[in-house]
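Structure at a glance
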Amino acid sequence: MVDSVAAARRRMAVAWIVPAVLAALLGSSFAVVTAGPRPSPKAGAGIASSQISTAAAPIHVGPVSAHVDASPFFPDGDGARDTTNLVLTLDAAAHVDVSVADFDGLVVRQLAVDVARAAGPWSLTWDGTTAAGAIVADGPYRFDVAVRSDAGDAQVQLWVTKSKLSAYPAAPGAVVVVLDSGHGGPDPGAVYGGKHEADYNLDIASRLQHMLEAAGVTVVMTRTENRAVNDPPVDVSGDGKITHGDELIIRNDIANLARADLHVVLMNNAYGCHCVQGTETYTSDTRSWTAEGVDLARFTQAAHMKRLKAFKSKKWRPTNRGVRFYNFAALRPYHVKVMPRPSLMPSILVESLFMDHKNELAVLSKTKARAALASSYYDGIVQWLAKRPYGLRYDVLEATSEALKGTTADYRMRLTNRGNTTSSGWVLEARQASTAGPYDATPTRGLRLATTPVPDGLAPGHSVDVVFQVPLPTVAGNWRFKFDVALPSGETLGDHGVVGPQLAVTTTDPVIPTPTPEPTPVSTPEPTAVPTPEPTPVPTPEPTPEPTAVPTSEPTPVLTPEPTAEPTPQPTPEPTPLVTPDATEDPTFDPGIEPSPGSVGIAGEPGTIGGGGYWGPESRLLSPSIFSVTLPPDTVRPVGLSAPVHYRGFQPWRRYTVPIDIPLDSARGQHGLDDHQH
């Protein structure tokens, strides 16, 4: 079983960011997010609750737990980080092998061979030298650990960086770097001598990735293999076509979604004439973050020149073509058609060497030269992180994703200062952003909705939690808010290329229950009592008289009850419908039109009704509803009113007839009907 801390971080960072880009492009819920674990469901739609990764994060595989202490390290004898330590914790007694390999898998040092160890911790130290005592070159190195025990076997790989420079020591895990290996897949880039530029670009980027990750930095790779980023291809730009431009825009999307501190495009050059050589670094001179971009370009260009001197020969020497400006896709400003989603953070594009120059191609073909180029990128990035004035990481801990219109959205964010300026007079702002596209990449700041101060004294590497509320629109719909920090100068951190989150929220109408009419009770007739017939009296026999005379008795009549008429059941009245649409629809609505008078019928006797009102989308009157009714003087019965009502929902205006029953207290009484009694 083999695992790697760096590989685990890479899977964690990239596995969901690229799908998130595609999901956003295809129309699902979106918010700009930070590289890290998948957003917590508690954080709402598209909200990221990010975890700051560290180089010392342990890894547990089978019977062993391992981590690296002191990375980067540099054996210069100054007593600070001269060595690095591999710390193992065995769950059971085991035999252990430990070796150190370079990026290409070549073993440079054996630290343990079949060593029997009891259960418990064990620390091994490496001073950056080979078995012969030579100091290894700067770059990424890998501890390979093999454990054999009765509890099981395991293999572990952990990376360490050898470099004199540490990456933002105040909080390296707060930093996010996007590495964009130019070309890939069907686009090989420059091809000379059977060598593909896309392969060299990815090789250098992978070495750099391991150096940065082992130094504690979060890295997002636009690609990790020889394939296009926009694969399978989709219409990223939204222009109805799938072109190479979509491949370039989606790389910007990855950087913007990660809210990276910087975006680095790694390339190698070719003019086709076989006549030009040298190293050049590009950035933009038309962006609000141009000053930061120029600094990053200068640091990286200078580091290239320094590292390439090691490969100087009689046939070749490094040529400094300097820092240049050009509107490459990763650098250019916003344009509604040409670049709808530019990189929002400082970005550079480096052309390390010319592949169509045979001497430079010979240098680029050397493994050690590509390792040196990776180290030069590392040097430039780390130096820039140590000097840039502003940087801020936003971790959205809680956010409202849906609420009633006209209420508020609640947010809780953790702000981590990853720049080099302590906060003073900073104000966190929430502004309304355009909902067009997967996110708002325009330079428009938007309408400011709410502000809250960032505590003064937030030092580099320190964090603070901020809680505040944003008032929501009074109309139902889907909205997007973007967050930025205003500086006392009137600028914002966004102007300096610090990317804040963009969060979606949906406002809804209140749910008004439809009143259910009470059914009219059906009167049940009282049962009619059936009279019980009188019992027929039984005559008592008289004593037998003397046979002188025999009288004949009359028969006693039997009483028959009169038939009782069955009661006629009363018909059950139909319930009155609440709202009956008229046969015609009024497609327009003008509040200035006076409503027509309604009509009233009183037990078949006509009356008149005047007045009326307009009803809004919440079944509320848009104008006063005052009805005047003229009735016969002796009317005391309930009155049924019927009047046309204009109702406005999300469909065109419709005309409805609403029957209203008004009980009258007396012949000349009055009864008020407010807008809740409809």
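So, a few notes on the structure that sits alongside this text.

Rules behind the numbers
- Residues numbered from 1 in each chain as written.
- Predicted model: local features only at pLDDT ≥ 70, side-chain atom pairs only at ≥ 80, totals over all residues.
- Heavy atoms only, no water.
- Helix = DSSP H or I, 4+ residues; strand = E, 2+ residues; numbered from the N terminus.
- Buried < 20%, exposed > 50% of the residue type's maximum accessible area, 1.4 Å probe, protein only.
- Contact = heavy atoms within 4.5 Å.
- Areas by Shrake-Rupley, 256 points an atom, 1.4 Å probe, with all protein chains shown as cover.
- Expected span 1.5 Å × (residues − 1).
- Patch = residues over 30% accessible without salt bridge, like charges linked within 9 Å, V, L, I, M, F, W, Y side chains within 5 Å.
- Salt bridge = Lys/Arg side-chain N within 4 Å of Asp/Glu carboxyl O.
- Lys, Arg positive; Asp, Glu negative; His and termini not counted.
- Charge placed at Lys NZ, Arg CZ, Asp CG, Glu CD.
- Pairing = 2+ DSSP bridges.
- Axes fitted to C-alpha atoms, helices over the stretch in contact; angles between N-to-C directions.
- Disulfide = S-S within 2.5 Å.

**Details of the overall build of the protein chain**
- Looking only at helices and strands, the protein chain has six helices and 31 strands in total.
- Across the 678 residues of the protein chain, 45% fall into the buried class.
- In the protein chain, the proportion of contacts linking residues at least 24 apart, taken out of those at least 6 apart, comes to 70%.
- With an accessible surface of roughly 33,200 Å², the protein chain has 55% of that area assigned to carbon and sulfur atoms.

**As for helix α6 (residues 367-387)**
- Under the 1.5 Å per step criterion, the end-to-end length of α6 is 31 Å for 21 residues, consistent within 8% with the ideal 30 Å.
- With 15 of its 21 residues buried, α6 lies for the most part within the structure.

**Comments concerning a positive patch on the surface**
- Side chains of K306, K309, K312 and R317 sit close together on the surface and give a patch of like positive charge.
- With respect to the helices and strands, the residue K309 is situated in the loop between α4 (290-308) and β16 (320-325).
- By relative accessible area, K309 is classed as exposed at 59%.

**Some remarks on the sheet that holds strand β15 (residues 279-283)**
- One open sheet holds the six strands; their spatial order is β13-β10-β14-β17-β15-β16, and the pairing between them is mixed. Strands at the two margins of the open sheet, each flanked by one partner only, are β13 (218-221) and β16. Between one strand axis and the next, the sheet turns by 20 degrees as a mean value, whatever way the strands run.
- Sheet analysis places strand β10 (residues 176-181) next to β13, joined by four bridges and oriented parallel. When the bridges of β13 are listed, V178 appears paired with V220.
- The strands touched by helix α2 (residues 197-214) are β10, β13 and β14 (262-269); relative to β14, the strand with the most contacts, the crossing angle is about 145 degrees.

**A closer look at the state of the cysteines**
- For the structure shown, the criterion picks out one disulfide.
- Through a disulfide, C273 is tied to C275; the S-S separation comes to 2.0 Å. Sign of the S-S torsion, about -80 degrees for the bond between C273 and C275, identifies this disulfide as left-handed.
- We classify C273 as partly exposed; its relative accessible area is 35%.
- In this structure C275 comes out as exposed when scored by relative accessible area, which is 55%.

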